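Structural overview
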Amino acid sequence: MLAYLIFTGEPVRRERLASLLWSERGDEQARASLRQTLYEMRALVSGKHPPMAAFDRTRIWLVAGSVMTDLDQMRLLGTSGEASALVAIVGDRPRDLLIDLDGVDPAFDDWLVVERVQRRDERRRIILAMGDRALAGGDAAVALLLGNCLLAIDPIDEVGARLTMTAHHLSGDRDGTRQTFARLETALREDIGMAPSEETVAMHRDLMSAPPARPPDKPAAPSSRHSVDDVTGVEAARKFTAPAARRPYLRRATVAVTVAGVIAAAVGLWVWPSSGAEQRMLLVEPLRVAPGDGTAQTLKEGLSTDLARMIVGNDATLTVVDAGDQQSATRTRFAVFGNAQSSNGVLHANIKLVGDHDAILWSNSFSRPIVEVDALREQMAAAVADVTLCALGRHDPGALDLETMRLFLGACEQKHGDWEVSVKLLKQAVTRQPEFAHGWAMLAAATASVADESDDAMAADLRHQAGLYATRALALSRNEPEAYYARAEILPGLVNWRRRMEILSAGHAVDPTNSVVNSTIAGNLALVGRLHEAVDYARSAVEFDPFNPREVAWLVELLAEDGQLDASAAAAKQARQRFPKSRFILRSEFIAAALVGDPRRARKLLADERSRGLDTDSPGWNQFIDARIDPSPARLDDAGRAIVASASDPQHGGIGPVVKLGVLKQITAGYELIERTSLDDHTEVDTDRLFIPTMAAFRADPRFMNLAVRLKLVAIWLESGHWPDFCGRSISYDCRLAARKALSRSG
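Predicted model only: the values in this text are computed from it and were never measured.

**Things to note about the overall build of the protein**
- Counting its regular elements, the protein contains 35 helices and eight strands.
- Across the 747 residues of the protein, 55% fall into the buried class.
- In the protein, the share of contacts with a sequence separation of at least 24, taken over all contacts with a separation of at least 6, comes to 67%.
- Accessible surface computed for the protein: about 32000 Å², of which carbon and sulfur atoms make up 52%.

Below is the structure:
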């Protein structure tokens, strides 16, 4: 609200602010939110500090003279000030406008996009004008700082490059002139496939052929342009150290108005990074696109905003750095940049993550039809945010050498796909860095996950290894939630349910925002029929790690199991856009549709899944889906035979075939089958599916509580004091009484 008042410069009607900041709410709720905001801002409009804003019953306005921004100062200097004074401002804060305000509201976002473009252009005009003034006055040093500032904001700004080259020449620095042109030439070629203009080429030729204006009296200003050269040999083994120059970060503010220095009436606007904060800074440069490529330009617009929102929104300890603030350039260790182009109806993009010495740590390529530009932008932002949050989020990368960081980033990318590859990479990482606690914790978690997907012969050994890795991680640091997850996962079966929950609770206490811990708690609650609570934890897992297709897939499935089919479909739709090739999303959509939702949708998904070479949970799906679509006696008999036959296969036995029979309301056949099925106390079974809505008839049968006793569910309910959700619904018997009687009969 303050930001809008500052840039509007005139009284604003309350209705306008309410619709701008709460456009997705009803009129009355929006007005109530505005009233609450004004109440919370009372320290800024009254009290011991001079008021910044005032309001009456219909309007809100900024008090004249109460605010001065750095842009205001730049405007004044642009008309009458000294260039050196502008350097003091620009050198400290040449960042984007109103950082941290993305995602406030769609209507506000629309206003913000336009405002940023206008103010960025205005800033560039002021800097260029002052640079020319500095050159005219013979102040090459100031002109050089301003020129480098323009190139830090946009490395392919040819006007800024010409200003910088001229300043180098006036300083007698031929190498600086040559290097500036070479960096511009490289940037243009690599980013947009173009060469410098004839005007720039001619200026460079003339400057290099002319004698220096005077000998250099100090080293040339360092470049902030990232090369994409890799680092090998001895340099690759160096510890990460702050680079000589790096594009600066966007400082985060404690209140919304970060228009660069709202003066001290609002106390504590700026939060300055503490020691070591550069470990958590990520520079994001705009995508480079060729002029005239409108589709690629559309992709570029909003990418950095989406990425900043995804990263900072999921880890407030991270700072997204804008390609602008030279004063703080040396404090940024990691940067993201790339390029995009469209051709033959397809939009292509490449993204790189670089570290110190401009070494490439991670890269990826993306492509989609040009009509899916928004989906591609989100997919790209999600991929970058995912590896960034994994590597830097909530865990200081410390003194990892380049190769270890590369290995760890590779493992981060694989943690949503191939756990075995992740294990191999993490083993190499901790071998190089034995004191890397988070690496050991991630290795423990990955190994435990591989064990979950392995046959019994391999699982026991893998669980033992995972336990050792977790012990090592916790010996180095007790604040590694993935290590707690691993310790819980190596205790399979409902017989270990209570102990798993105790360990997971300890991990949750260490970090309540850890997605894998929240997701695993959700899974354990679902196993005992507490689906409402499970959905809450699964939602938290996705909120804390929205880039993990496994977690999103689990939420899709859990929502359906809890009967929230519309929410499940909405989550699946968003997931398909973000993870277009994820087998986890496809599998969960299929399970949700087949067991609970629309069987016709399941039929389509089954064909799609098999077309990708993926296996379903068990044989008999075709007959099962046919019977759900058409529950005629013939279809049901055919499905029943196929399902019972599949139960004899050890790989596809267990409780899955019983659930299929229950969904088809073949109740007696289901109970007869479960009586013949061996259930090991230490084997994980999908008991969560016993509690889905389409299994209501199966649960209503008096034999259900006997099965619940056999599965150890009743013991868990009684010991924990928490009962499954269906016990609170209208059923044909007293759930708690039936459970106690069944347990008593079992001896």
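**Considerations on the packing of helix α22 (residues 515-527) against helix α24 (residues 549-561)**
- Contact geometry of α22 with α24 gives a least axis separation of 11 Å together with a crossing angle of 25°. Classified by the angle their axes make, α22 and α24 are roughly parallel. For the pair α22 and α24, the sense of crossing is left-handed. Facing α22, whose interface residues are Ser 515, Val 516, Ser 519, Ala 522, Gly 523 and Ala 526, α24 presents Glu 551, Trp 554 and Leu 558.
- Residues that form the contact of α22 with α24 fall into these classes: five nonpolar, three polar and one charged.

**Observations regarding the environment of Ser 365**
- Within the secondary structure, Ser 365 sits in strand β8 (residues 360-369).
- Taking the C-alpha atoms as reference, Ser 365 lies 4.4 Å from Asn 350; in sequence the two are 15 residues apart.
- Excluding residues within four positions of it along the chain, Ser 365 makes contact with Ala 349 and Asn 350.
- A distance of 3.1 Å separates polar atoms of two side chains, one belonging to Ser 365 and the other to Asn 350.

**Things to note about the state of the cysteines**
- Throughout the structure, instances matching the rule amount to one disulfide.
- Across the disulfide, Cys 727 is cross-linked to Cys 735 (sulfur-sulfur distance 1.7 Å).
- What makes Cys 727 buried here is its relative accessible area of 9%.
- With relative accessibility at 2%, the residue Cys 735 sits in the buried group.

**Looking at the sheet that holds strand β2 (residues 53-55)**
- Across the sheet, three strands lie side by side as β1-β3-β2; this open sheet has antiparallel pairing. A single partner strand is all that each edge strand has here, and the edge strands are β1 (12-13) and β2.
- Where β2 lies against strand β3 (residues 59-62), three bridges are found, and the strand directions are antiparallel. Paired with Ala 54 across the strands is Trp 61, a residue of β3.

**Focus on the nonpolar core**
- One finds Leu 690 and Met 705 to be the most contacted residues of the largest nonpolar core, which totals 153 residues.
- Element by element, the count of residues in this core is highest for helix α15 (residues 373-392), at 11 residues.
- With residues up to four places along the chain from it excluded, the contact list for Leu 690 reads Ile 655, Val 659, Met 695, Phe 698, Arg 699, Phe 704, Leu 711 and Leu 713.
- Among the nonpolar cores identified, the runner-up in size contains 27 residues, and Ala 3, Ala 18, Val 67 and Leu 71 belong to it.

**Focus on the packing of α24 against helix α25 (residues 565-578)**
- The N-to-C vectors of α24 and α25 enclose an angle of 160°; their axes lie 7 Å apart at closest approach. Put simply, α24 runs roughly antiparallel to α25. By crossing handedness, the relation of α24 to α25 is classed as left-handed. Here Val 552, Val 556, Leu 559 and Ala 560 of α24 come into contact with α25, specifically with Leu 565, Ala 567, Ser 568, Ala 571, Ala 572 and Ala 575.
- Along the lines of polarity and charge, the residues of the contact of α24 with α25 split into nine nonpolar, one polar and no charged.

Calculation notes
- Throughout this description, residue numbers start from 1 for each chain and increase along the sequence as written.
- For this predicted model, a pLDDT threshold of at least 70 governs which residues receive local features, and a threshold of 80 or more governs which side-chain atom pairs are given and counted, while totals over whole chains, interfaces and linings are taken from all residues.
- Each side-chain value is derived from all of the structure's non-hydrogen atoms; neither hydrogens nor water enter the calculation.
- Strands are runs of DSSP state E lasting at least 2 residues, helices are runs of H or I lasting at least 4, and numbering of each runs from the N terminus.
- Note on classification: 1.4 Å probe, protein chains only; a residue is buried when its accessible area is under 20% of the maximum for its type, exposed when over 50%, partly exposed between these limits.
- We call two residues contacting when some pair of their heavy atoms lies within 4.5 Å.
- Using a 1.4 Å probe, the Shrake-Rupley method yields the accessible areas, and only the shown protein chains count as cover for residues.
- Angular values range over 0 to 180 degrees, each being the angle between N-to-C directions of two axes fitted as lines to C-alpha atoms, with helices fitted over their stretch in contact.
- Our angle categories are set so that under 35 degrees counts as roughly parallel, over 145 as roughly antiparallel, 65 to 115 as roughly perpendicular, and the remainder as oblique.
- The crossing is said to be left-handed when, going from far helix to near helix, the turn is anticlockwise and less than a right angle, and right-handed when the turn is clockwise.
- Classification used: nonpolar for Ala, Val, Leu, Ile, Met, Phe, Trp, Tyr, Cys and Pro, charged for Asp, Glu, Lys and Arg, polar for all others including Gly.
- What qualifies as a polar contact is a pair of N or O atoms within 3.5 Å, subject to a donor-acceptor requirement within protein and to the restriction that residues adjacent in sequence count only when both atoms come from side chains.
- By disulfide we mean two sulfur atoms from cysteines, separated by a distance within 2.5 Å.
- Any two strands with at least two DSSP bridges between them are considered paired.
- Only buried residues count toward a nonpolar core, which is a set of Ala, Val, Leu, Ile, Met, Phe, Trp, Tyr and Cys residues joined through side-chain atoms within 4.5 Å.

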